[in-house]
Amino acid sequence: MKVLILNASPRRKGNISQMVGVMKDEAESNGAEVEVVDVQHLDIRPCVACMKCRSTGFCVMPEDDSQRVLAKIQEADAVVVAAPCYWGNMPGTLKLLFDRIVYGLMDESSVGFPKPLLKGKRCVLVSTSTTPWPFNILMHQSHGAIRAMKEICRYSGFKIVATVEKGGTKRNTLLSEKEEKRCRKAARRLLS
Ligand SMILES: Cc1cc2nc3c(=O)[nH]c(=O)nc-3n(C[C@H](O)[C@H](O)[C@H](O)COP(=O)(O)O)c2cc1C
């Protein structure tokens, strides 16, 4: 089983990176082949909204990392999308990637309804925010980032098997035992 992890945090020792590390470890211990993509380091130009991909099924822009990451998503059996909350949403780097690969994630009906292309793949969504619990949820902070990622993953056809959120990262810079357990459980759900 192939698992792809999209890590959209630029902080290599931050909470998202710790959570992703635990999930990688758990998935590998259960026999999965895991690859981590550091979204921060991708070379991707912004979508120009020519809309040509909606009828042709490919992007007319010069090849960059967006096509390469799309191929990895298509090859994977399961995907983890992990992103800190920036302004109640996902970081721009991750949004840039999803904007450029829309043609590989969903098709459109003649009147413009989305038709998912990745049915059957499993997915876990992860987010963090400085806003502490329960306000990270109630005030749509980490929860805002999760909502935005859910929008993309649902319309792409992913089955979202777990979401993991952590608030209060200003004071809690290390994963607690309970948080680590939640990450391990989410990783196992990806594989089952
Ligand atoms: C540009 C930027 C915007 C942010 N916006 C928010 C926000 O809207 N709400 C919030 O609670 N935290 C916000 N944060 C804080 C991050 O979500 C928080 O530091 C997070 O834990 C970083 O995760 P990481 O250490 O795993 O990378 C923001 C941080 C940055 C750099």
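So, how was this worked out
Residues numbered from 1 in each chain as written. Predicted model: local features only at pLDDT ≥ 70, side-chain atom pairs only at ≥ 80, totals over all residues. Heavy atoms only, no water. Helix = DSSP H or I, 4+ residues; strand = E, 2+ residues; numbered from the N terminus. Rg over C-alpha atoms; globule rule 2.2 N^0.38 Å. Buried < 20%, exposed > 50% of the residue type's maximum accessible area, 1.4 Å probe, protein only. Contact = heavy atoms within 4.5 Å. Areas by Shrake-Rupley, 256 points an atom, 1.4 Å probe, with all protein chains shown as cover. Patch = residues over 30% accessible without salt bridge, like charges linked within 9 Å, V, L, I, M, F, W, Y side chains within 5 Å. Salt bridge = Lys/Arg side-chain N within 4 Å of Asp/Glu carboxyl O. Near = heavy atom within 4 Å. Polar contact = N/O pair within 3.5 Å; in protein donor to acceptor, adjacent residues only side chain to side chain. Pairing = 2+ DSSP bridges. Axes fitted to C-alpha atoms, helices over the stretch in contact; angles between N-to-C directions. Core = buried A, V, L, I, M, F, W, Y, C linked by side-chain atoms within 4.5 Å.

An account of the overall build of the protein chain is requested, with residue identities and associated values reported.
Broken down by element type, the protein chain carries eight helices and seven strands. Computed over the C-alpha atoms, the radius of gyration of the protein chain is 16 Å, within 12% of the 16 Å expected from 2.2 N^0.38 for a compact globule of 192 residues. The principal-axis extents of the C-alpha atoms in the protein chain amount to approximately 50 × 35 × 30 Å. A total of 192 residues make up the protein chain; the buried ones form 47% of that total. At a minimum sequence separation of 6, the contacts of the protein chain that also span at least 24 residues come to 75%. Carbon and sulfur atoms provide 53% of the accessible area of the protein chain, an area that totals close to 10,200 Å².

Provide a residue-level description of a nonpolar patch on the surface, including the pertinent values.
Taken together, the side chains of Phe135, Leu138 and Met139 present a nonpolar region at the surface, about 330 Å² in accessible area. Here Phe135 shows up in helix H6 (residues 135-138). The partly exposed category is assigned to Phe135, whose relative accessible area is 41%.

An account of the site of the ligand is needed here, citing residue identities and associated values.
The environment of the ligand is made up of 16 residues, and the closest members are Ser9, Arg11, Cys85, Thr131 and Thr169. Within the contact set of the ligand, an oxygen atom lies 2.6 Å away from a backbone nitrogen or oxygen of Cys85. Within the contact set of the ligand, an oxygen atom lies 2.5 Å away from a side-chain nitrogen or oxygen of Thr131. In the complex, the protein chains occlude 75% of the 640 Å² of accessible area that the ligand would expose alone.

Tell me what's going on with the environment of Pro62, and back it up with residues and numbers.
Within the fold, Pro62 resides in the loop between helix H2 (52-56) and helix H3 (65-75). Residue Pro62 is classed as partly exposed on the basis of its relative accessible area of 48%. Sequence-wise, Pro62 and Gly168 are 106 residues apart; in three dimensions their C-alpha atoms are separated by 41 Å. Those residues in contact with Pro62 that sit more than four places away from it in its chain are Arg45, Gln67 and Arg100.

Outline the sheet that holds strand S1 (residues 2-7), listing residues and values.
One open sheet holds the five strands; their spatial order is S2-S1-S3-S6-S7, and the pairing between them is parallel. Looking at which strands have only one partner, the edges of the open sheet turn out to be strand S2 (33-38) and strand S7 (159-166). The average angle at which neighbouring strand axes cross in this sheet is 15°, direction not considered. Across seven bridges, strand S6 (residues 122-128) lies against S7 in parallel orientation. Bridging from a neighbouring strand, Arg122 pairs with Lys159 of S7. Those strands touched by helix H1 (residues 15-29) are S1, S2, strand S3 (78-84), S6 and S7, and its axis lies near 150° from that of S6.

Explain the nonpolar core to me, and be specific about the residues and the numbers.
For soluble globular proteins, the rule of thumb is that nonpolar side chains tend to be buried together. In this structure, Leu6, Ile73, Val79, Val81, Leu94, Phe98 and Met149 are the most contacted members of the largest nonpolar core, which totals 36 residues. Of all the secondary-structure elements, those providing two or more residues to this core are S1, H3, S3, helix H4 (92-100), helix H5 (102-105), S6 and helix H7 (142-156). Here this core gets six residues from one element, more than from any other, and that element is H7. Contact partners of Ile73, with chain neighbours within four places excluded, come to Leu4, Leu6, Val79, Ile101, Leu118, Lys121 and Phe158. Listed in part, the 23 residues of the second largest apolar core include Ile5, Ala32, Val126 and Ala186.

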